[in-house]
Amino acid sequence: ASCWYKRQVAAGLSGSAGVAFAATDGYGGVTPVANPAAAVNPFLATGDGGAGGQADDFPGPDVPFGMMQWGPDTTPDRPEGGGYYYGDSNISGFSLTHMSGPGCGAFGDVPILPTVGARPSNPSAVTEPFSHSAESASADYYSVSTGAGASAVKTELTETARSGIGRFTFPSGT
(Lines give C-alpha, C1' and ligand atoms only; values in the text may rest on other atoms or scores of the structure.)
Protein backbone atom coordinates (compact mmCIF):
# COMPACT_ATOMS: atom_id res chain seq x y z
CA ALA A 1 0.00 0.00 0.00
CA SER A 2 2.75 2.45 0.83
CA CYS A 3 4.42 1.61 -2.47
CA TRP A 4 1.21 2.41 -4.38
CA TYR A 5 0.88 5.73 -2.53
CA LYS A 6 4.52 6.59 -3.15
CA ARG A 7 4.15 5.86 -6.85
CA GLN A 8 1.10 8.12 -7.07
CA VAL A 9 2.83 10.99 -5.26
CA ALA A 10 6.03 10.57 -7.26
CA ALA A 11 4.05 10.60 -10.49
CA GLY A 12 2.66 14.01 -9.51
CA LEU A 13 -0.78 12.76 -8.59
CA SER A 14 -2.73 13.92 -5.59
CA GLY A 15 -6.32 14.57 -4.70
CA SER A 16 -9.13 13.47 -2.43
CA ALA A 17 -12.07 11.12 -2.64
CA GLY A 18 -10.30 8.97 -5.21
CA VAL A 19 -9.85 11.77 -7.76
CA ALA A 20 -6.34 12.22 -9.14
CA PHE A 21 -4.97 15.42 -10.61
CA ALA A 22 -1.87 16.27 -12.62
CA ALA A 23 -0.38 19.75 -13.01
CA THR A 24 -0.83 21.12 -16.53
CA ASP A 25 0.92 24.49 -16.35
CA GLY A 26 3.53 26.38 -14.35
CA TYR A 27 0.89 28.40 -12.51
CA GLY A 28 -0.72 25.63 -10.47
CA GLY A 29 -3.61 24.88 -12.83
CA VAL A 30 -4.71 21.25 -12.67
CA THR A 31 -7.01 18.96 -14.58
CA PRO A 32 -8.33 15.53 -13.61
CA VAL A 33 -6.49 12.49 -14.94
CA ALA A 34 -8.85 10.00 -16.57
CA ASN A 35 -6.67 6.95 -15.84
CA PRO A 36 -4.31 7.62 -12.89
CA ALA A 37 -2.76 4.14 -13.10
CA ALA A 38 -1.45 4.97 -16.59
CA ALA A 39 0.61 7.81 -15.08
CA VAL A 40 2.45 5.50 -12.67
CA ASN A 41 6.11 4.77 -13.40
CA PRO A 42 6.78 1.38 -11.71
CA PHE A 43 10.54 1.75 -12.19
CA LEU A 44 10.62 4.93 -10.10
CA ALA A 45 12.81 4.51 -6.99
CA THR A 46 14.32 1.19 -8.13
CA GLY A 47 17.86 2.58 -8.35
CA ASP A 48 20.31 3.59 -5.66
CA GLY A 49 18.45 6.74 -4.65
CA GLY A 50 21.37 9.06 -5.43
CA ALA A 51 22.35 11.42 -2.63
CA GLY A 52 19.25 10.40 -0.66
CA GLY A 53 20.37 6.77 -0.27
CA GLN A 54 18.70 3.58 -1.42
CA ALA A 55 15.03 3.81 -2.32
CA ASP A 56 14.42 0.02 -2.34
CA ASP A 57 11.22 -0.02 -4.39
CA PHE A 58 10.18 -2.74 -6.87
CA PRO A 59 8.50 -2.61 -10.30
CA GLY A 60 5.98 -5.43 -9.76
CA PRO A 61 2.20 -4.94 -9.68
CA ASP A 62 0.77 -3.48 -6.48
CA VAL A 63 -2.91 -3.04 -5.59
CA PRO A 64 -3.70 -0.35 -2.97
CA PHE A 65 -3.86 -2.04 0.44
CA GLY A 66 -3.32 -5.41 -1.29
CA MET A 67 -2.15 -8.49 0.58
CA MET A 68 0.60 -9.35 -1.95
CA GLN A 69 3.38 -7.44 -3.63
CA TRP A 70 4.70 -9.91 -6.19
CA GLY A 71 7.82 -8.84 -8.06
CA PRO A 72 11.39 -9.61 -9.13
CA ASP A 73 14.44 -9.86 -6.88
CA THR A 74 17.69 -8.98 -8.59
CA THR A 75 21.36 -9.66 -7.92
CA PRO A 76 24.10 -8.86 -7.12
CA ASP A 77 23.33 -5.37 -5.76
CA ARG A 78 19.75 -5.64 -4.51
CA PRO A 79 19.01 -4.25 -1.04
CA GLU A 80 19.56 -6.63 1.86
CA GLY A 81 16.37 -8.51 2.63
CA GLY A 82 15.27 -8.82 -0.98
CA GLY A 83 14.27 -6.33 -3.56
CA TYR A 84 15.06 -4.97 -6.96
CA TYR A 85 17.93 -2.80 -8.13
CA TYR A 86 17.62 -1.39 -11.65
CA GLY A 87 21.39 -1.60 -12.23
CA ASP A 88 21.44 -5.39 -11.78
CA SER A 89 21.36 -7.83 -14.69
CA ASN A 90 20.32 -11.09 -12.97
CA ILE A 91 17.09 -12.19 -11.30
CA SER A 92 17.25 -14.58 -8.36
CA GLY A 93 13.49 -15.08 -8.11
CA PHE A 94 10.04 -13.54 -8.01
CA SER A 95 8.93 -13.12 -4.41
CA LEU A 96 5.52 -12.42 -2.92
CA THR A 97 6.04 -9.91 -0.14
CA HIS A 98 7.79 -6.79 -1.42
CA MET A 99 7.19 -3.43 0.14
CA SER A 100 8.46 0.06 -0.32
CA GLY A 101 11.82 -0.81 1.21
CA PRO A 102 13.53 -4.18 1.61
CA GLY A 103 11.42 -7.16 2.60
CA CYS A 104 12.20 -10.19 4.71
CA GLY A 105 15.58 -11.90 5.01
CA ALA A 106 16.78 -14.62 2.62
CA PHE A 107 14.03 -17.06 1.63
CA GLY A 108 11.54 -15.07 3.76
CA ASP A 109 10.06 -13.59 0.59
CA VAL A 110 9.09 -17.02 -0.85
CA PRO A 111 11.03 -16.63 -4.13
CA ILE A 112 10.04 -18.53 -7.28
CA LEU A 113 12.52 -18.74 -10.17
CA PRO A 114 11.43 -20.55 -13.34
CA THR A 115 14.41 -22.23 -15.00
CA VAL A 116 15.09 -24.69 -17.81
CA GLY A 117 17.30 -27.74 -17.39
CA ALA A 118 18.39 -29.96 -14.53
CA ARG A 119 17.72 -28.99 -10.92
CA PRO A 120 20.84 -27.31 -9.52
CA SER A 121 22.59 -28.73 -6.46
CA ASN A 122 22.35 -25.34 -4.67
CA PRO A 123 19.05 -23.65 -5.68
CA SER A 124 19.70 -20.59 -3.50
CA ALA A 125 22.70 -19.68 -5.66
CA VAL A 126 20.84 -19.81 -9.00
CA THR A 127 20.17 -16.62 -10.94
CA GLU A 128 18.94 -15.98 -14.47
CA PRO A 129 20.13 -13.11 -16.69
CA PHE A 130 17.65 -10.53 -17.96
CA SER A 131 17.67 -7.33 -19.97
CA HIS A 132 15.57 -4.23 -19.42
CA SER A 133 14.66 -4.39 -23.12
CA ALA A 134 12.79 -7.66 -22.30
CA GLU A 135 11.07 -6.14 -19.25
CA SER A 136 7.85 -4.13 -18.97
CA ALA A 137 5.76 -2.87 -16.08
CA SER A 138 2.61 -0.94 -15.33
CA ALA A 139 0.69 -0.43 -12.10
CA ASP A 140 -1.09 -3.78 -12.50
CA TYR A 141 1.30 -5.91 -14.58
CA TYR A 142 4.95 -6.95 -14.75
CA SER A 143 6.65 -9.01 -17.45
CA VAL A 144 10.23 -10.10 -18.11
CA SER A 145 12.08 -12.78 -20.05
CA THR A 146 14.89 -14.47 -18.16
CA GLY A 147 17.59 -16.72 -19.53
CA ALA A 148 18.87 -16.51 -23.07
CA GLY A 149 18.09 -17.89 -26.50
CA ALA A 150 16.36 -21.27 -26.55
CA SER A 151 16.25 -21.44 -22.74
CA ALA A 152 14.43 -18.11 -22.20
CA VAL A 153 11.40 -18.18 -19.87
CA LYS A 154 8.78 -15.41 -19.92
CA THR A 155 7.31 -14.44 -16.55
CA GLU A 156 4.12 -12.38 -16.23
CA LEU A 157 2.76 -11.19 -12.87
CA THR A 158 -0.47 -9.47 -11.85
CA GLU A 159 -2.49 -9.09 -8.65
CA THR A 160 -5.85 -8.54 -7.10
CA ALA A 161 -6.46 -7.22 -3.59
CA ARG A 162 -6.02 -10.66 -2.02
CA SER A 163 -4.13 -12.80 -4.53
CA GLY A 164 -1.47 -12.83 -7.19
CA ILE A 165 -1.32 -14.62 -10.49
CA GLY A 166 1.85 -15.63 -12.31
CA ARG A 167 2.17 -17.09 -15.77
CA PHE A 168 5.44 -18.74 -16.74
CA THR A 169 5.90 -19.49 -20.44
CA PHE A 170 8.64 -22.06 -20.98
CA PRO A 171 10.30 -22.77 -24.32
CA SER A 172 8.99 -25.74 -26.26
CA GLY A 173 10.99 -28.94 -25.96
CA THR A 174 11.84 -31.34 -23.21
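See above for the structure.
Our subject in this report is the structure included herewith. (Residues numbered from 1 in each chain as written. Predicted model: local features only at pLDDT ≥ 70, side-chain atom pairs only at ≥ 80, totals over all residues. Heavy atoms only, no water.)

Observations concerning the overall build of the protein
Here is step 1: Broken down by element type, the protein carries one helix and eight strands.
Here is step 2: Secondary structure of the protein in N-to-C order comes out as α-β-β-β-β-β-β-β-β.
Here is step 3: By residue count, 32% of the 174 residues in the protein fall in the buried class.
Here is step 4: For the protein, contacts bridging at least 24 residues in sequence account for 44% of all contacts bridging at least 6. (Helix = DSSP H or I, 4+ residues; strand = E, 2+ residues; numbered from the N terminus. Buried < 20%, exposed > 50% of the residue type's maximum accessible area, 1.4 Å probe, protein only. Contact = heavy atoms within 4.5 Å.)

Quick look at unusual backbone geometry
Here is step 1: Along the chain, Thr-75 connects to Pro-76 via a cis peptide bond; the corresponding omega equals 10°.
Here is step 2: Take Pro-76: it is sitting in the loop between strand 3 (71–75) and strand 4 (90–95).
Here is step 3: Even without a glycine there, the phi angle at Phe-65 is positive, about 60°.

Description of the nonpolar core
When a protein is soluble and globular, its nonpolar side chains tend to lie buried together.
Here is step 1: Counting residues in hydrophobic clusters, the biggest one holds ten residues: Phe-58, Met-68, Trp-70, Tyr-84, Ile-91, Phe-94, Phe-130, Tyr-142, Val-144 and Leu-157.
Here is step 2: Residue assignment for this core shows that the elements contributing at least two residues are strand 4 and strand 6 (141–146). (Core = buried A, V, L, I, M, F, W, Y, C linked by side-chain atoms within 4.5 Å.)

Notes on the sheet that holds strand 3
Here is step 1: Taken together, the six strands give an open sheet; going across it, the order is 3-4-5-6-7-8, and neighbouring strands pair in antiparallel fashion. Two strands bound the open sheet, and with one partner strand each, they are strand 3 and strand 8 (164–169). When strand polarity is set aside, the average angle formed by the axes of neighbouring strands in this sheet is 25°. (Pairing = 2+ DSSP bridges. Axes fitted to C-alpha atoms, helices over the stretch in contact; angles between N-to-C directions.)

Overview of the pattern of salt bridges
Here is step 1: With the rule as written, the count across this model stands at one salt bridge.
Here is step 2: Glu-156 is the partner of Arg-167 in a salt bridge, and the nearest nitrogen-oxygen pair spans 2.9 Å. Remark: Glu-156 occurs in strand 7 (residues 153–159) and Arg-167 occurs in strand 8; sequence separation between them is eleven residues.
Here is step 3: Accessibility expressed as a relative area gives 10% for Glu-156, which makes it buried. (Salt bridge = Lys/Arg side-chain N within 4 Å of Asp/Glu carboxyl O.)

A closer look at the environment of Trp-70
Here is step 1: Secondary-structure assignment places Trp-70 in the loop between strand 2 (30–32) and strand 3.
Here is step 2: Assessed through its relative accessible area of 6%, Trp-70 is described here as buried.
Here is step 3: Between the C-alpha atom of Trp-70 and that of His-98, which follows or precedes it by 28 residues, the distance is 6.5 Å.
Here is step 4: A distance of 3.3 Å separates a polar atom in the side chain of Trp-70 from the backbone oxygen of Phe-94. (Polar contact = N/O pair within 3.5 Å; in protein donor to acceptor, adjacent residues only side chain to side chain.)

What about the side chain of Glu-159?
Here is step 1: Inspection of the secondary structure puts Glu-159 in strand 7.
Here is step 2: At 2.5 Å, the side chain of Glu-159 and the backbone nitrogen of Trp-70 are in polar contact.
Here is step 3: Those residues in contact with Glu-159 that lie beyond four places of it in its chain are Pro-61, Asp-62, Val-63, Met-68, Gln-69, Trp-70, Asp-140 and Gly-164.

What to know about the environment of Pro-42
Here is step 1: With respect to the secondary-structure elements, Pro-42 resides in the loop between strand 2 and strand 3.
Here is step 2: Overall, Pro-42 belongs to the buried group, its relative accessible area being 2%.
Here is step 3: As for Pro-42 and Tyr-141, which are separated by 99 residues in sequence, their C-alpha atoms are 9.6 Å apart.

Description of the environment of Thr-146
Here is step 1: Inspection of the secondary structure puts Thr-146 in strand 6.
Here is step 2: By relative accessible area, which is 1% here, Thr-146 ends up buried.
Here is step 3: The spatial distance from the C-alpha of Thr-146 to the C-alpha of Pro-114 is 8.5 Å, given a sequence separation of 32 residues.

Re the pairing of strand 8
Here is step 1: Bridging between strand 7 and strand 8 involves six bridges; their strand directions are antiparallel. If you follow Thr-155 over to strand 8, its bridge partner there is Phe-168.
Here is step 2: Connecting strand 7 to the next strand, strand 8, in antiparallel fashion are four residues.

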